[in-house]
Amino acid sequence: MPFINVKTMLGEAIALIPGKSEKSLMLSMEESRMWFRGTDEPCAMVSVWALGQANREGYDKMTSKICTDLEEILHASPSRIYIKHSERLTWGCKGPNF
């Protein structure tokens, strides 16, 4: 299975959420064959995990940026791009949680 790790393509989009920045962003992309609505036309399912809470306006701006970027890169219609935002109250690293 191919694996692509990209650190710059969508990195700046995280800054659209107040309090978040590319400086601490981890980004991974996998290329795979996907079917949506019965066709294999380009599509994407994106998961965004944020530590803590963010406001709706930040998520709206980030969703718009991701859709615009993926439309350009994948030639996928924004109607075939879904973004799932998840907030996490704690994350762990090197033992303790933050």
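The preceding data block contains the structure.
What comes next is a walk through the structure. (Residues numbered from 1 in each chain as written. Predicted model: local features only at pLDDT ≥ 70, side-chain atom pairs only at ≥ 80, totals over all residues. Heavy atoms only, no water.)

## A few points about the side chain of Ser86
Along the chain, Ser86 turns up in strand E2 (residues 81–88). Exposure remark for Ser86: the relative accessible area of 9% places this residue in the buried category. (Helix = DSSP H or I, 4+ residues; strand = E, 2+ residues; numbered from the N terminus. Buried < 20%, exposed > 50% of the residue type's maximum accessible area, 1.4 Å probe, protein only.)

## With respect to the environment of Trp35
Relative to the helices and strands, Trp35 resides in the segment before strand E1 (44–51). Given a relative accessible area of 53%, Trp35 falls into the exposed group.

## So, the nonpolar core
If you look at the biggest cluster of nonpolar residues, it comprises 16 residues, and the most contacted ones within it are Val46, Val48, Met62, Ile66, Ile81 and Ile83. Contributions of two or more residues to this core are made by E1, helix H1 (56–74) and E2. For this core, the leading source of residues is H1, giving 5 residues. (Core = buried A, V, L, I, M, F, W, Y, C linked by side-chain atoms within 4.5 Å.)

## Considerations on the pairing of E1
Burial of the side chains of E1 is restricted to one face: Ala44, Val46, Val48 and Ala50 are buried, whereas none of Met45, Ser47, Trp49 and Leu51 on the reverse face is. Inspection of the sheet shows E1 paired to E2 by 8 bridges, in the parallel sense. Looking across to E2, one finds that Val48 is bridged to His85. Handedness of the crossover is the feature at issue here: the chain leaves E1, passes through H1, returns alongside E2, and the resulting connection is right-handed. (Pairing = 2+ DSSP bridges. Right-handed = clockwise from strand over helix to strand, strands pointing away.)

## Considering H1
Since there are 3.6 residues in each turn of an α-helix, residues three or four apart along the chain are aligned in direction. For H1, spanning 19 residues, the distance from its first C-alpha to its last is 26 Å, which sits close to the expected 27 Å at 1.5 Å a residue. Among the residues of H1, those classed as buried are Gly58, Tyr59, Met62, Ile66, Cys67, Asp69 and Leu70. Where the residues of H1 are buried, they touch E1 and E2. Phi for His75, located one or two positions after H1, is positive at around 60°. (Expected span 1.5 Å × (residues − 1). Contact = heavy atoms within 4.5 Å.)

## Details of the packing of aromatic side chains
If you walk through the whole model with that rule in mind, you get 1 aromatic pair. For the pair Phe36 and Tyr82, a centre-to-centre distance of 5.6 Å together with 75° between the ring planes defines the contact as edge-to-face. Of this pair, Phe36 sits in the segment before E1 while Tyr82 is found in strand E2, placing the two residues 46 residues apart along the sequence. Under the relative-accessibility criterion, Phe36 is labelled partly exposed at 23%. Here Tyr82 falls in the partly exposed class, since its relative accessible area comes to 42%. (Phe/Tyr/Trp six-rings, centres within 6.5 Å; stacked < 30°, edge-to-face > 60°.)

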